[in-house]
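Letter by letter, the chains look like this.
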Amino acid sequence: MKGFFGKILRIDVGSRTFQVEEIGGRVLSRLLGGKGLGSYLLLREVPAGIDPLGPHNKLIFTWGPLTGTVAPGASRYGVYSKSPQTGLYGESYAGGLVAAAMRRTGYDAVIIQGRADSPVWLEISGGEVVFHPAGAIWGQDTYAASAAMLQQVAVPDAQAVVIGPAGENRVAFACLENNNWRSAGRTGMGAVLGSKLVKGLVFHGQSPFSVFDETLLKDVVRQIRQQALGQPGVNTYRTYGTTVMVGVMNGARAFPAAYWRKGTLEQWQQLSGDTFLQNFAVKPRACPNCFMACAKMVHMESDRYGRVTIEGPEYETIFAFGGLCQIASLEDIIYINDLCDRLGLDTISAGNLVGLVMEAVRCGRLDYPLQYGDATGTVQLLKDMAARRDLGGVLAQGIVVAARELGLEDLAVHVKGLEPPGYDPRVLKGMGLAYATSTRGACHLRATFYKPELSGVIDPATVEGKARLFIDYENRLTIFNTQIFCLFFRDLLGWPELSRLIHAATGVEYTQARLEKMANEIITITRLFNAREGASKAMDTLPERFFAESINNGQNRLTREELSCMVDEYYSLRGWQDDGYPLDQDLMEFLAT
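Read on for a plain summary of the structure. Fair warning: this is a prediction, and the values are worked out from it, not measured in the lab.

**Some words on the sheet that holds strand β4 (residues 77-82)**
Piece 1. Taken together, the six strands give an open sheet; going across it, the order is β2-β1-β6-β3-β4-β5, and neighbouring strands pair in mixed fashion. At either end of the open sheet lies a strand with only one pairing partner, and these are β2 (17-22) and β5 (89-94). Averaged over all pairs of adjacent strands, the angle between their axes in this sheet comes to 20°, without regard to strand direction.
Piece 2. By the bridge criterion, four bridges tie strand β3 (residues 59-62) to strand β6 (residues 109-113) in an arrangement that is antiparallel. Note on β6: the bridge partner recorded for L59 is I112.

Here it is, written out as structure tokens:
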């Protein structure tokens, strides 16, 4: 099978040893790379019941058979582990320049296990792993640490993945950072790496890789680029990036504000994409071979914050701090974004937790000097989170533990321990299904189902039959994550294009039906991981506040019955029992051998 090396690199940081292992075509042909391979390895490698921050947890990096090729959007890597934030299946993805460098090392996956006796960083190249002492950079922010590691390696095209102080201090929602501003942000992967006393990893190599049919690959890529010329969404991403969603979501009255009490922010125009472009020096920035250039480089000169250079902010960061915390200043949010990137904090979780504190103060439930709109207080609380200091130390444990210790469980908004992104499910009811059923907790990226709901493909308020369309989106994007494609290509890569691209890479002709079956199996594998940790259908629900409280003056609400209807249909179409185990035993037999 083309497109793979058939090798996995296993690194034990406790014994400071490594070994190369074979991974057979039986697994790769059935699950491909990326999420398929990563989820399979996670299920096999991590025993049930272990401490996510203990030495028995593992961190698994993967990429796909199209990574590093001319295929646009194939510039992302995935990372998988038992999440310290949820205690369940953890996954996160990031773009930038790292994925191609990972693949050039000559492996299909890298497994990090054990716990070092002192801080280290790893240099991974073709056939070699060097364990460098990290004492001199332990405590540095992500920008400084990455620069120091790359300077020491001094190899052209080497790329680094690092953690900041938040990861070192095992903050439950610490993330991995690469290229300064690209974040594998969700489910606490930075905390897992920090628990192993690993500051970061540098990848470089010259291992050659090829695809099955270069001519076919170029032909499909040419068609994708031609199709993109007629897509207004492509130009929108190139112009605004994801900041365009501020206006879209406020227009739909589904922009979470005032810690999930409102569906719009009165001052939303101060945070809009137009304001962003008018008030700041903004330049488009693209991942390799990408024509969307959705990232936005910003050079801000501020009397308050000085000079700040950042790739961002993305919509989710604007929603989390601008909407939930009501900080109606892009200048403040750009600085907060930069701070989170340096500390290695997931902005979605961090913004939700700051918003929870602000709401608790408003309700008289918490005595703490932080009001809605207070950027200065937010900055201090974020620093306290990363340092595990005072109230920040309580919040650093994650929303489940923090809410319990603070007596705020009725206010806290999360699913399975993961806070939702910026799409209110009381308006976009399919997003309620997405949040409830995602194995990693409240997640918008497993299906990006806000897209068909906002664009009129399906009525946002409808419930009956919604699970079937949701599964089509979720299946297709699961196959995206085997390659690993950028999800913003969802409108350009339908099932036919996916089939042709995978055929060009691997030489195997996959029909849509076979890819859909593969997607269902990969999602089921993630379910099996959660089932071993005690998860069941009963956890596929939403916070009580989403059922008890309406928004937009009572016009938008979601009932428990509506969600149950969608979840029941989802389980039936997936072919699952209530514990997540498949009714078809073929997958179980495959996993047992």
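**What about the pattern of salt bridges?**
Piece 1. This model, assessed by the stated rule, comprises 37 salt bridges.
Piece 2. Note that E521 and R30 form a salt bridge whose closest N and O atoms lie 2.7 Å from each other. Taken together, the residues span a long stretch of sequence, with E521 in helix α21 (residues 512-532) and R30 in helix α1 (residues 25-31) at a distance of 491 residues.
Piece 3. A salt bridge links R186 to D346; the shortest N-O distance between them is 3.1 Å. In this pair, R186 sits in the loop between β11 (182-184) and α6 (189-195) while D346 sits in the loop between α12 (330-343) and α13 (347-362), placing the two residues 160 residues apart along the sequence.

**Some thoughts on unusual backbone geometry**
If a residue is not glycine, its phi is most likely negative; likewise, a peptide bond is most likely trans.
Piece 1. Of note, the amide linkage connecting G312 to P313 takes the cis form, showing an omega dihedral of 5°.
Piece 2. Following Q483, the chain continues into I484 via a peptide bond in cis, with omega recorded as 0°.
Piece 3. Position of I484 among the secondary structure elements: in the loop between α19 (466-483) and α20 (495-506).
Piece 4. Despite not being glycine, Y259 has its phi angle at roughly 45°, a positive value.
Piece 5. On the secondary structure map, Y259 appears in the loop between α9 (244-251) and α10 (273-279).
Piece 6. Not every positive phi belongs to a glycine, and Q326 is a case in point at roughly 60°.
Piece 7. Looking at the secondary structure, you find Q326 in the loop between α11 (315-324) and α12.

**Looking at the environment of M358**
Piece 1. Relative to the elements of secondary structure, M358 occurs in helix α13.
Piece 2. The exposure class assigned to M358 is buried, which follows from its relative accessible area of 1%.
Piece 3. For M358 and D374, which are 16 residues apart along the polypeptide, the C-alpha to C-alpha distance reads 9.1 Å.

**A look at helix α2 (residues 34-45)**
An α-helical segment advances 3.6 residues per turn. Residues three or four places apart therefore align on the same side.
Piece 1. End to end, α2 covers 16 Å across twelve residues, agreeing with the expected 16 Å (1.5 Å per residue, within 8%).
Piece 2. In terms of residue burial, α2 counts as a mostly covered element, since eleven of its twelve residues are buried.
Piece 3. Among the residues of α2, G34, K35, G36, L37, G38, S39, Y40, L41, L42, L43 and E45 are the ones counted as buried.

Reading the values: the criteria
Residues numbered from 1 in each chain as written. Predicted model: local features only at pLDDT ≥ 70, side-chain atom pairs only at ≥ 80, totals over all residues. Heavy atoms only, no water. Pairing = 2+ DSSP bridges. Helix = DSSP H or I, 4+ residues; strand = E, 2+ residues; numbered from the N terminus. Axes fitted to C-alpha atoms, helices over the stretch in contact; angles between N-to-C directions. Salt bridge = Lys/Arg side-chain N within 4 Å of Asp/Glu carboxyl O. Buried < 20%, exposed > 50% of the residue type's maximum accessible area, 1.4 Å probe, protein only. Expected span 1.5 Å × (residues − 1).

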